[in-house]
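These are the residues of each chain, in order.
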Amino acid sequence: MNLNFNRLYTYLAISLSLLIPVSGRFAFGIVILLFFNLSVILTVLTIHGIWKFQFEYLTFSLVAFEIIAFTLLFRQIIVIVCPIIAMSCGFAFFIAAAASVMIPMFFTESSTPLKEDLLLQLKSSLLISLFCLVFFLFRDIIGFGTVTLPVWQDILVLKIPYLYDHLNMLSFIGTIPGVLLIIGILLSIFIKFYGKGKS
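**Student:** Give a description of the overall build of the chain that names residues and reports values.
**Tutor:** When you go through the chain residue by residue, the secondary structure sums to eight helices and two strands. Beginning at the N terminus, the succession of helices and strands in the chain can be written as α-α-α-α-α-α-β-β-α-α. Split into buried and exposed, the 199 residues of the chain put 40% on the buried side. Sequence separation of 24 or more characterises 74% of the internal contacts of the chain that already satisfy a separation of 6 or more. For the chain, the exposed area adds up to about 11100 Å²; of that, 73% sits on carbon and sulfur atoms.

**Student:** Tell me about the pattern of salt bridges, and please be specific about residues and values.
**Tutor:** Note that side chains of opposite charge can pair when their charged atoms are close. Under the defined criterion, the tally for this structure stands at one salt bridge. Between Arg-25 and Asp-140 there is a salt bridge; the shortest N-O distance is 3.1 Å. Residue Arg-25 is located in the loop between helix 1 (5–19) and helix 2 (26–52), and its partner Asp-140 is located in helix 6 (residues 114–144); the two are separated by 115 residues in the primary sequence. Each member of the pair, Arg-25 together with Asp-140, is buried.

**Student:** Before we move on, could you go through the side chain of His-48 and cite the residues and values that matter?
**Tutor:** When you line up the elements, His-48 lands in helix 2. By relative accessible area, which is 12% here, His-48 ends up buried. Apart from residues no more than four positions distant in its own chain, His-48 is found in contact with Thr-108, Thr-112, Pro-113, Leu-114 and Asp-117.

**Student:** Tell me about the environment of Leu-45, and name the residues and values.
**Tutor:** Here Leu-45 is to be found in helix 2. Along the backbone, Leu-45 and Leu-118 are 73 residues apart, and their C-alpha atoms lie at a distance of 7.9 Å.

**Student:** Describe a nonpolar patch on the surface, listing the residues and the values that go with them.
**Tutor:** Residues Leu-73, Ile-77, Val-79, Ile-80, Val-81 and Trp-152 make up a contiguous nonpolar surface patch of about 570 Å² in total accessible area. When you line up the elements, Val-79 lands in helix 3 (residues 59–81).

**Student:** For the packing of helix 5 (residues 90–107) against helix 6, give the residues involved together with the corresponding values.
**Tutor:** Put simply, helix 5 and helix 6 touch, their axes get as near as 10 Å, and they point 145° apart. As helix 5 runs across helix 6, the sense of the crossing is right-handed. Residues Ile-103, Pro-104 and Phe-107 of helix 5 touch helix 6, and the partners they reach there are Gln-121, Ser-124, Ser-125 and Ile-128. Grouping the constituent residues of the contact of helix 5 with helix 6 by class yields four nonpolar, three polar and no charged.

**Student:** Tell me about the side chain of Ser-129, and please be specific about residues and values.
**Tutor:** Topologically, Ser-129 is positioned in helix 6. On the accessibility criterion, Ser-129 (6% relative accessible area) is buried.

**Student:** Residues and numbers for unusual backbone geometry, please.
**Tutor:** A negative phi angle is the norm for most residues apart from glycine, just as the trans form is the norm for most peptide bonds. With a phi angle near 55°, Gln-54 is a residue other than glycine that sits in the positive phi range. Its location among the elements puts Gln-54 in the loop between helix 2 and helix 3. You will see that Gln-153, though not glycine, has its phi angle at about 55°, which is positive.

Cut-offs applied
- By convention here, each chain's residues receive numbers from 1 onward along its written sequence.
- Predicted model: local features are reported for residues with pLDDT of at least 70 only, side-chain atom pairs are reported and counted for 80 or more only, and whole-chain, interface and lining totals are derived from all residues.
- Heavy atoms from the whole structure form the basis of all side-chain values; hydrogens and water molecules are not counted.
- Numbering of helices and strands runs from the N terminus; a helix is a DSSP stretch of H or I covering at least four residues, while a strand is a stretch of E covering at least two.
- For every residue, the accessible area (1.4 Å probe, protein chains only) is compared with the maximum for its type, and the residue is labelled buried under 20%, exposed over 50%, or partly exposed between those bounds.
- In this analysis, two residues are considered to be in contact whenever any of their non-hydrogen atoms come within 4.5 Å of each other.
- Accessible areas in this description were obtained via Shrake-Rupley with a 1.4 Å probe; residue shielding takes into account the shown protein chains only.
- For this analysis, a salt bridge means a side-chain nitrogen from Lys or Arg found within 4 Å of a carboxyl oxygen belonging to Asp or Glu.
- What goes into a patch is any residue over 30% in relative accessible area without a salt bridge, connected to like charges within 9 Å or, for nonpolar side chains (Val, Leu, Ile, Met, Phe, Trp, Tyr), within 5 Å.
- Axis geometry follows a simple rule: fit a line to the C-alpha atoms, using only the stretch in contact for helices, then measure angles between N-to-C directions, giving values from 0 to 180 degrees.
- Each crossing gets its hand from how the near helix is turned against the far one by less than a right angle, where anticlockwise is left-handed and clockwise is right-handed.
- Gly is put with the polar residues, along with every residue not named as nonpolar or charged; the nonpolar set is Ala, Val, Leu, Ile, Met, Phe, Trp, Tyr, Cys and Pro, and the charged set is Asp, Glu, Lys and Arg.

As structure tokens, then:
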């Protein structure tokens, strides 16, 4: 089994930055991950534009300007569309923005054509998003006994009858320490099995 641990740890760091600052609600996760993937696309386009016009010495400044501007714009749109999520995830948008820059900045190469690079970076961001989305759903169901979805200017809360009434003791899973505990367990299991596979 050949695995690039540098890439794995980068994915883990990005996943943690997306999961920790956000409440354990599936609705919040959907919005944050939508923003994350759009930010990755925009950053890849910006970097290739910088290379095309040979402004490499301005890369960090232009990428920072682009990502801050897009974060403010997206957050203002969410304030209109779903103010509850905007209020709950305010600072998390900026953390997700910083996380979105890590993929193209670390793994984009100037020799790779734009289309190929965009698909490659999107593959990485969607893989991270899938993991995080499952995690958000798990936290919502087990931690709160609900499934939440973003709707116009609100969130839709679908209560799972038995779980909602009987899993109050597991609400710890929906908290930040709960996230760290679960990810720590999963990472330990993965490393253990990977070590066995190599021996």
